[in-house]
Amino acid sequence: MEREALLGHRDHPGDRAPAPGALELVQAFVNTVDREHGPDLLDDDGGLAAWLERRLLAADLRPGDRERAREVREALRALLLANNGEPRDAAAQAALERAAKRAKLEPAFPPDGATLVPRGGGVDGALGRIIAAAFIAMLDGSWARLKACPREVCGWAFYDRSTNASATWCSMRVCGGRVKAGAYYRRRRAGGH
Ligand SMILES: [Zn+2]
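To keep things clear, this report deals only with the structure shown in the data block. Bear in mind that the values here come from a model prediction, so they are computed numbers and not experimental data. (Residues numbered from 1 in each chain as written. Predicted model: local features only at pLDDT ≥ 70, side-chain atom pairs only at ≥ 80, totals over all residues. Heavy atoms only, no water.)

**Describing the nonpolar core**
Phase 1: Residues V26, F29, W51, L76, I130 and W143 are the most contacted members of the largest nonpolar core, which totals 54 residues.
Phase 2: In terms of residues, this core owes the most to one element, helix 6 (residues 122-140), which gives nine residues.
Phase 3: Each residue touching F29, except ones within four places of it in the same chain, is listed here: L42, W51, A69, V72, R73, L76, L127 and I130. (Core = buried A, V, L, I, M, F, W, Y, C linked by side-chain atoms within 4.5 Å. Buried < 20%, exposed > 50% of the residue type's maximum accessible area, 1.4 Å probe, protein only. Helix = DSSP H or I, 4+ residues; strand = E, 2+ residues; numbered from the N terminus. Contact = heavy atoms within 4.5 Å.)

**A few points about the coordination of the zinc ion**
Phase 1: Summarising the metal site, the zinc ion is bound by the protein donors C149 (SG), C154 (SG), C170 (SG) and C175 (SG), whose distances to it range over 2.3 to 2.4 Å.
Phase 2: Mapped onto the polypeptide sequence, the residues donating to the zinc ion form the spacing pattern C-x4-C-x15-C-x4-C. Separated by 26 residues along the polypeptide, C149 in the loop between strand 3 (146-148) and strand 4 (157-159) and C175 in helix 7 (residues 172-179) bring together distant segments of the chain. Both residues of the pair, C149 and C175, belong to the buried class. (Donors = N, O, S within 2.8 Å, 3.2 Å for Na, K, Ca; no water.)

**Some details on the environment of A100**
Phase 1: Mapped onto the elements, A100 comes out in helix 5 (residues 90-102).
Phase 2: Sequence separation of A100 and I130 is 30 residues, and the distance between their C-alpha atoms is 9.7 Å.

**A word on the pairing of strand 1 (residues 105-108)**
Phase 1: Across four bridges, the pairing between strand 1 and strand 2 (residues 115-118) is antiparallel. Among the inter-strand pairings, A108 is bridged to a residue of strand 2, identified as T115.
Phase 2: If you look at the hairpin formed by strand 1 and strand 2, you'll find six residues sitting between the two strands, and G113 has a positive phi there, around 130 degrees. (Pairing = 2+ DSSP bridges.)

**So, the pattern of salt bridges**
Phase 1: On inspection of all chains with the given rule, the structure shows 18 salt bridges.
Phase 2: Of the charged contacts, one joins R62 and D65 as a salt bridge, the two residues approaching to 3.8 Å between their closest N and O atoms.
Phase 3: By relative accessible area, which is 47% here, R62 ends up partly exposed.
Phase 4: Residue E106 pairs with R119 through a salt bridge whose shortest N-O separation is 2.9 Å. Of this pair, E106 sits in strand 1 while R119 sits in the loop between strand 2 and helix 6; the two residues are 13 residues apart in sequence, bridging distant segments of the chain.
Phase 5: Salt bridges linked by common partners bring D40, D43, R70, R73, E74 and R77 together as one network. (Salt bridge = Lys/Arg side-chain N within 4 Å of Asp/Glu carboxyl O.)

**Looking at unusual backbone geometry**
Phase 1: A cis amide bond links G38 with the next residue in sequence, P39, at an omega value of 0 degrees.
Phase 2: Here P39 shows up in the loop between helix 2 (23-30) and helix 3 (45-55).
Phase 3: For H9, which is not glycine, the phi dihedral falls at a positive 50 degrees.
Phase 4: Within the element layout of this structure, H9 appears in the loop between helix 1 (3-8) and helix 2.

**Comments concerning the environment of F158**
Phase 1: Inspection of the secondary structure puts F158 in strand 4.
Phase 2: Judged by its relative accessible area of 2%, F158 is buried.
Phase 3: Expressed as a C-alpha distance, the spacing of F158 and N31, which sit 127 residues apart in the sequence, is 9.0 Å.
Phase 4: Leave out the neighbours within four places in its chain, and F158 touches R16, Q27, N84, R145, L146, K147, A148, C149, A167, T168, W169 and C170.

Okay, here's the thing in structure tokens:
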């Protein structure tokens, strides 16, 4: 995928519409990497800085920021895989809780609705805004439809608008078709999922 497409969160396999509201921020962050073909925007500080500037704020990166951003991104992906029937990942939960503390997320009560606001600055604060968007989506119920594609090399985050929230693959054509005949699919079917 083109770097610009990742930066703009423009390409959506299966022609799916992006997640609604602030949840799209979470989806876009998880989708800062094309795991199968590259690139990964978090492979260098410039990529992370460019994404943050486009989506949230211009930030001077400090040592460790990029590693923490990657940890948060992959923790979110693990939760989105759990939304898709994969086992829950306790380490991912712990990673998000640590990141929320670093961001100093605090409740706020503006007239347009209760929310969480990061009191921390820099990249930690920016990551806090992404985590806050996930938190609020978990409360309003939209979270369950944000899923990560379970094909090992994919992991793309997609918003499942199907009637029964029954979609598994980011795209039936791209991923579903490739694994349908494979062991993974048989195992899943055997497990009744
Ligand atoms: Zn996929």
